[in-house]
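The chain contents come next:
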Amino acid sequence: MSRFAVGDRVRVHDLWPPTPPAHVRTPHYVRGHVGVVERICGTFGNPEELAFGRRGASYETLYRVRFRQADLWPGYDGPGTDHIEIEIYEFWLSPAGSEPESAG
Amino acid sequence: MSHTHDHEHAQPRPDLDDTMTYYRVMEEAVRSLLIEKGIVTADEVRREVENMDARTPANGAQVVARAWVDSDFRSRLVANPKQAIGEIGHDIGPMHLVVLENTPGVHNVVVCTLCSCYPRWLLGRPPDWYKSRAYRSRVVREPRAVLREFGTEIADDREVRVHDSTADMRYLVLPMRPDGTDGLSQAELAALVGRDSMIGVTEVVPPLRV
Amino acid sequence: MGGLEAGAIDQEAHDYALWERRVDALMMLLSGPRRIMTVDQLRKGIEALPPDAYDSMTYYERWIASLTNALLDAGVLTTEELGARMARVSARGPEAE
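Residues numbered from 1 in each chain as written. Chains lettered and ligands numbered in written order. Predicted model: local features only at pLDDT ≥ 70, side-chain atom pairs only at ≥ 80, totals over all residues. Heavy atoms only, no water.

Asker: Would you mind going over the overall build of chain B with me for this structure?
Answerer: Scanning chain B from terminus to terminus reveals twelve helices and four strands. Across its three principal axes, chain B shows a C-alpha extent of roughly 55 × 40 × 35 Å. As presented, chain B carries roughly 8700 Å² of accessible surface, and 51% of it is formed by carbon and sulfur atoms. Within chain B, one finds 26 positive and 32 negative side-chain charges whose respective centroids are separated by 3 Å. (Helix = DSSP H or I, 4+ residues; strand = E, 2+ residues; numbered from the N terminus. Areas by Shrake-Rupley, 256 points an atom, 1.4 Å probe, with all protein chains shown as cover. Lys, Arg positive; Asp, Glu negative; His and termini not counted. Charge placed at Lys NZ, Arg CZ, Asp CG, Glu CD.)

Now the structure itself:
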């Protein structure tokens, strides 16, 4: 059961590391930013556990989240319609409600 | 097989084939120990190398050309890439593929900023530049400038959509069919589709009229 | 490294040497059917290389270094047997292909 639906506004956690020193798959450039769920990719083994060779330790819902480029990069050199889409695991996301998308 | 497009073969770097560097020694030592311990066989390693060698951008080009000439296939390709690609004889293995359709309104480009995730089950091993620090650092922040370096100019009224392949999904860009290709066969169309257009750093250009 | 400053993109290509393609094959076998290690372990090991590794080592050099570390971590290989085998391979030179 996934926590978020397509179209939901979500905020990426800004903590680093989220747990003790680890391998994470959430790039720095989206941390703390708000985006919109583009699709639900399915459920996959948690890479932060797999990085230690622990297969099947936990499974996590993976989303594709769409961000406005102009929100991520100050002085972005392109039209406001440009976007980036990126895969993020559920435990890295919290609901963003109706906050302005540029927050963060 | 036609290599008129961008998959041109360069020579292996001579130092890597002729001299035993430290890491080349490590590879051979690890491989021979794994074989002795019965974890892998020499035959499996050889077959794995051959299987990956056989995966080339020409496989992806066949998929793209079929999607251009067969709109039902195109719909199936977007809805269920593994099944549709299987129909034309390519097994994409465990890969979870997303097909990104370029349209007059959107140009897609793919990167993996964290490592080098790539649709290798379809296109083979990624090109060097895809794995480079420069590409991975820049294409998320200034995609239009990077595209320009590849000779690709995207109009301001067309969205550039970057896809960062950070986790379990892999991406294939379905480029737009160029104008002036109405009379071409599916095989002729496939010959126009280069690797870089399926990553999204280039668009497919029509053949030169002679 | 997404978003960091970087220079022009070198678009020159090279084909991989056989030993590099074998590193690739070993990784596919160990992470796939053998379930000896995971791709995420490979990535973690690459991230753990020294800061200059990205510039001083080639792509598959980073892979074999990380893959070997994971095998040592898992106890699939011991440092002693690896050291002895590397010394032997090094003394002998390139194998016949």
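Alright, that's what it looks like, and here's the rest.
Asker: Explanation requested: the pattern of salt bridges in the structure shown.
Answerer: Side chains carrying opposite charge are able to pair once their charged atoms draw close together. Counted according to the given criterion, the structure contains 32 salt bridges over all chains. One salt bridge in this structure joins Glu 49 of chain A and Arg 54 of chain A, with 2.6 Å as the shortest N-O distance. Given the relative accessible area of 24%, Glu 49 of chain A is considered partly exposed. Notably, a salt bridge pairs Arg 76 of chain B with Glu 87 of chain B, separated by 2.8 Å at the nearest N-O pair. Of this pair, Arg 76 of chain B sits in helix 5 (residues 71-79) while Glu 87 of chain B sits in helix 6 (residues 81-87), placing them eleven residues apart in sequence. By relative accessible area, Arg 76 of chain B is classed as partly exposed at 34%. Beyond isolated ion pairs, a larger network of salt bridges with shared partners links Glu 38, Arg 39, Arg 64, Arg 66 and Glu 85 of chain A together with Glu 159 and Arg 161 of chain B. (Salt bridge = Lys/Arg side-chain N within 4 Å of Asp/Glu carboxyl O. Buried < 20%, exposed > 50% of the residue type's maximum accessible area, 1.4 Å probe, protein only.)

Asker: Any chance you could explain the sheet that holds strand 2 (residues 34-45) of chain A here in plain terms?
Answerer: Consider a sheet: its strands pair through backbone hydrogen bonds, and that pairing is either parallel or antiparallel. Within the open sheet, the seven strands sit side by side as 5(A)-1(A)-2(A)-3(A)-4(A)-3(B)-2(B). Their pairing is mixed. Of all the strands in the sheet, just strand 5 (93-95) of chain A together with strand 2 (106-111) of chain B have a single pairing partner and so form its edges. Neighbour-to-neighbour, the strand axes of this sheet turn through a mean angle of 35 degrees, independent of strand direction. Here strand 3 (residues 59-68) of chain A pairs with strand 4 (residues 83-89) of chain A via seven bridges, running antiparallel. In the strand pairing of strand 4 of chain A, Arg 68 of chain A is matched with His 83 of chain A. (Pairing = 2+ DSSP bridges. Axes fitted to C-alpha atoms, helices over the stretch in contact; angles between N-to-C directions.)

Asker: Looking at this structure, I do not really get the environment of Ala 167 of chain B. What am I missing?
Answerer: The topology assignment puts Ala 167 of chain B in the loop between strand 3 (159-164) and strand 4 (169-174). With 41 residues separating them along the chain, Ala 167 of chain B and Pro 126 of chain B place their C-alpha atoms 17 Å apart. Leave out the neighbours within four places in its chain, and Ala 167 of chain B touches Leu 62, Glu 87 and Tyr 89 of chain A, Cys 117 of chain B together with Arg 43 of chain C. (Contact = heavy atoms within 4.5 Å.)

Asker: Just checking my understanding: could you explain the interface of chain C and chain A for this structure?
Answerer: Across the contact, 13 residues belong to chain C and ten residues belong to chain A. For the pair chain C and chain A, the summed buried surface comes to about 970 Å²; carbon and sulfur atoms form 52% of the total. Three residues, Thr 38, Asp 40 and Lys 44 of chain C, lead the burial of chain C against chain A; their summed loss comes to 46% of the area buried on that side. In this assembly, chain C and chain A are joined by zero salt bridges. At the junction of chain C with chain A, the criterion picks out three residue pairs in polar contact (both at pLDDT 80 or more). Contributions of two or more residues to the side of chain C that touches chain A are made by helix 1 (18-31) and helix 2 (39-47) of chain C. Per element, the largest residue contribution to the side of chain C that touches chain A is five residues, and it comes from helix 2 of chain C. In the side of chain C that touches chain A, the residues fall into three nonpolar, five polar and five charged. (Buried area = accessible area lost by both parts, 1.4 Å probe. Polar contact = N/O pair within 3.5 Å; in protein donor to acceptor, adjacent residues only side chain to side chain. Nonpolar A, V, L, I, M, F, W, Y, C, P; charged D, E, K, R; others polar.)

Asker: Please explain the pairing of strand 1 (residues 9-12) of chain A as it appears in this structure.
Answerer: Looking along a regular strand, one sees the side chains alternate between the two faces of the sheet. Residues and elements named next belong to chain A. Inspection of the sheet shows strand 1 paired to strand 2 by three bridges, in the antiparallel sense. Residue pairing for strand 2: Arg 9 is matched across the bridge by Val 36. The sheet contact formed by strand 1 and strand 5 spans three bridges and is antiparallel. Counterpart to Arg 11 in the pairing with strand 5 is Ser 94.

Asker: Hey, could you run me through the nonpolar core in this one?
Answerer: What tends to happen in soluble globular proteins is that the nonpolar side chains get buried as a cluster. By size, the foremost hydrophobic cluster in this structure holds 74 residues, and its most contacted members are Phe 67 and Ile 88 of chain A together with Leu 77 and Tyr 135 of chain B. Here the element with the most residues in this core is helix 4 (residues 57-69) of chain B; it accounts for six residues. Apart from residues lying up to four places away in sequence, Tyr 135 of chain B is in contact with Val 109, Val 110, Val 111, Trp 129, Tyr 130, Val 146, Phe 150, Ile 199 and Val 201 of chain B together with Ile 9 of chain C. One finds Val 45 and Val 49 of chain B together with Leu 67 and Val 89 of chain C within the second-largest nonpolar core, a separate group that totals 40 residues. (Core = buried A, V, L, I, M, F, W, Y, C linked by side-chain atoms within 4.5 Å.)

Asker: Can you walk me through the side chain of Glu 48 of chain B in this structure?
Answerer: Structurally, Glu 48 of chain B can be placed in helix 3 (residues 42-54). Buried Glu 48 of chain B, no salt bridge; nearest opposite-charge side chain is Arg 55 of chain B, N-O distance 4.9 Å. Other than its neighbours up to four places away in sequence, Glu 48 of chain B contacts Ala 25, Met 28 and Leu 29 of chain C.

Asker: So what exactly am I meant to see when it comes to the interface of chain B and chain C here?
Answerer: Often, the extent of an interface is quoted as the loss of accessible area upon association of its parts. In this complex, chain B contributes 57 residues to the contact, which on the side of chain C involves 58 residues. Each partner contributes to the roughly 5500 Å² buried at the junction of chain B and chain C, and carbon and sulfur atoms together form 60% of this total. Counting across the interface, chain B meets chain C through six salt bridges. Arg 92 of chain C serves as the salt-bridge partner of Glu 28 of chain B, at 2.6 Å between the closest nitrogen and oxygen. Taken together, chain B and chain C are joined by 17 residue pairs in polar contact (both at pLDDT 80 or more). Mapped onto the side of chain B that touches chain C, the elements with two or more residues apiece are helix 1 (14-18), helix 2 (22-36), helix 3, helix 8 (128-131), helix 9 (133-138) and helix 10 (143-149) of chain B. Sort the elements by how many residues they give to the side of chain B that touches chain C and helix 2 of chain B lands first, with 14 residues. Here the residues of the side of chain B that touches chain C sort into 27 nonpolar, eight polar and 22 charged.

Treat this as a map of the structure, not an account of what it does.
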